[in-house]
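Chain by chain, the residues:
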Amino acid sequence: MGENRVEVKVNGCRLLLMVGDITEQDTEAIVNAANEGLRGGGGVDGAIHRAGGPEIAAACRKIREEKGGCPTGQAVITPGGWLRAKYVIHAVGPVWRGGKCGEEELLASAYRNSLRLAREKGIKTLSFPAISTGVYGYPLPDAARVALTAIISELETNNYFQEIRVVLFNQEIFRVFSEQLQKILTL
Ligand code: ADP
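Here the structure is a predicted model, which is why all the values come from computation and not from measurement.

### Remarks on the overall build of the protein chain
Alright, step 1. For the protein chain, the count of helices and strands is 5 helices and 7 strands.
Alright, step 2. Order of helices (α) and strands (β) in the protein chain, N terminus to C terminus: β-β-β-α-α-β-β-α-β-α-β-α.
Alright, step 3. Here the protein chain has a C-alpha radius of gyration of 15 Å; the compact-globule value for 187 residues is 16 Å, and the two agree.
Alright, step 4. Referenced to the eigenvectors of the C-alpha coordinate spread, the extents of the protein chain come out at roughly 45 × 35 × 35 Å.
Alright, step 5. For the protein chain, the residues scored as buried account for 51% of the 187 residues in total.

Rendered as structure tokens:
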């Protein structure tokens, strides 16, 4: 049994890495790894729609009708339905295409836009999954570095959030994120 939680303070905010299921988190909002059509696919997206019920899909449909969906690198917000979280922020990460198609900037942007949207809504506690690391195929150590760099840079810029959780689905993903956090913090 390895460690399954790491907690650090960044500019007054608790940054927590943990093994767990994002649908069970009691932060004010959770982030979904969505797709451009906001259509609820597999992975974490499917789990969030199942746990949160039809209110989330209905709100996604409305956004799709009004704005055509959500472009890669951006994020939109809906109610959380049956979830403990009041809101779901649907962020669209990039599909990994080898690394020369702007993936890093798009992934960082998905995190930054989620955090900006949370601030605009007055949300101070937020949980992220490891966006793009499932079916979108982003290499895990790179995804972890980009995610944590984007989150830490936001926390250093804005003294606003109380807690950011990064909820990793298994021990292996958690280990990779913890390693990258260590590297970033000892730079
Ligand atoms: P993407 O399409 O952005 O790659 P996926 O849902 O396929 O999204 O995977 C993103 C990450 O979410 C993966 O690391 C996967 O292990 C993880 N994941 C899947 N289900 C959950 C869950 N219920 N809670 C937290 N993480 C999850």
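### Some remarks on the site of the ligand
Alright, step 1. Around the ligand sit 16 residues, and of these Asp21, Val44, Ser132, Thr133 and Gly134 come closest.
Alright, step 2. Between the ligand and Ser132 there is a distance of 2.8 Å, counted from an oxygen atom to a backbone nitrogen or oxygen.
Alright, step 3. Protein burial of the ligand: of its 560 Å² of free accessible surface, 90% is covered by the chains.
Alright, step 4. Per-element accounting of the shell around the ligand gives the leading share, 3 residues, to helix 1 (residues 43-52).
Alright, step 5. Tallied by class, residues from the shell around the ligand come to 10 nonpolar, 5 polar and 1 charged.

### Looking at the pairing of strand 1 (residues 5-10)
Each regular strand carries side chains that alternate between the two faces of the sheet.
Alright, step 1. Bridge count for strand 1 against strand 2 (residues 13-19) is 6 bridges, and the pairing is antiparallel. Paired with Lys9 across the two strands is Arg14, which belongs to strand 2.
Alright, step 2. Connecting strand 1 to the next strand, strand 2, in antiparallel fashion are 2 residues, including Asn11 with a positive phi near 50 degrees.

### Quick word on the sheet that holds strand 5 (residues 87-92)
Alright, step 1. Overall, mixed pairing links the 7 strands, which are arranged 1-2-7-6-3-5-4 in an open sheet. Among the strands making up the open sheet, the edge pair consists of strand 1 and strand 4 (75-79). Across the sheet, the mean angle from the axis of one strand to that of its neighbour is 20 degrees, orientation sign disregarded.
Alright, step 2. Relative to strand 7 (residues 163-168), strand 2 is paired through 6 bridges, and the arrangement is parallel. Paired with Leu15 across the strands is Ile164, a residue of strand 7.

### A short note on the pattern of salt bridges
Alright, step 1. In total, this model carries 13 salt bridges according to the counting rule given.
Alright, step 2. As a salt-bridge pair, Glu120 and Arg116 come within 2.9 Å of each other at their nearest N and O atoms. On the criterion of helical spacing, the pair formed by Glu120 and Arg116 is a turn pair, its members being 4 residues apart in helix 3 (residues 103-120).
Alright, step 3. It is possible to trace a salt-bridge network through shared partners that takes in Arg5, Glu7, Arg14, Asp26, Glu163 and Arg165.

### Observations concerning helix 5 (residues 171-185)
Alright, step 1. Taking 1.5 Å per residue as the helical rise, helix 5 with its 15 residues ought to reach 21 Å, and the 21 Å between its terminal C-alpha atoms agrees with that figure.
Alright, step 2. Burial in helix 5 covers these residues: Ile173, Phe174, Val176, Phe177, Ser178, Gln180, Leu181 and Ile184.
Alright, step 3. Those residues of helix 5 that are buried are in contact with strand 1, strand 2, helix 4 (140-157) and strand 7.
Alright, step 4. You can read the cap of helix 5 off the contacts: a side-chain oxygen lies 3.0 Å from the backbone nitrogen of Glu172, and it is on Asn170.

### Description of helix 1
Alright, step 1. Residues Asp45, Gly46, Ile48, His49 and Gly52 constitute the buried set of helix 1. Down the axis of helix 1, the buried side of the element spans an arc of 160 degrees, and every buried residue falls inside it. For helix 1, exposure combined with an orientation more than 90 degrees from the buried face picks out Gly43 and Arg50.
Alright, step 2. At its buried positions, helix 1 is contacted by strand 3 (29-34), helix 2 (54-67) and strand 5.
Alright, step 3. Looking one or two residues beyond helix 1, the residue adopting positive phi is Gly53, at roughly 80 degrees.

About the cut-offs
- Residues numbered from 1 in each chain as written.
- Predicted model: local features only at pLDDT ≥ 70, side-chain atom pairs only at ≥ 80, totals over all residues.
- Heavy atoms only, no water.
- Helix = DSSP H or I, 4+ residues; strand = E, 2+ residues; numbered from the N terminus.
- Rg over C-alpha atoms; globule rule 2.2 N^0.38 Å.
- Buried < 20%, exposed > 50% of the residue type's maximum accessible area, 1.4 Å probe, protein only.
- Near = heavy atom within 4 Å.
- Polar contact = N/O pair within 3.5 Å; in protein donor to acceptor, adjacent residues only side chain to side chain.
- Areas by Shrake-Rupley, 256 points an atom, 1.4 Å probe, with all protein chains shown as cover.
- Nonpolar A, V, L, I, M, F, W, Y, C, P; charged D, E, K, R; others polar.
- Pairing = 2+ DSSP bridges.
- Axes fitted to C-alpha atoms, helices over the stretch in contact; angles between N-to-C directions.
- Salt bridge = Lys/Arg side-chain N within 4 Å of Asp/Glu carboxyl O.
- Expected span 1.5 Å × (residues − 1).
- Contact = heavy atoms within 4.5 Å.
- Arc of directions from axis to C-beta.

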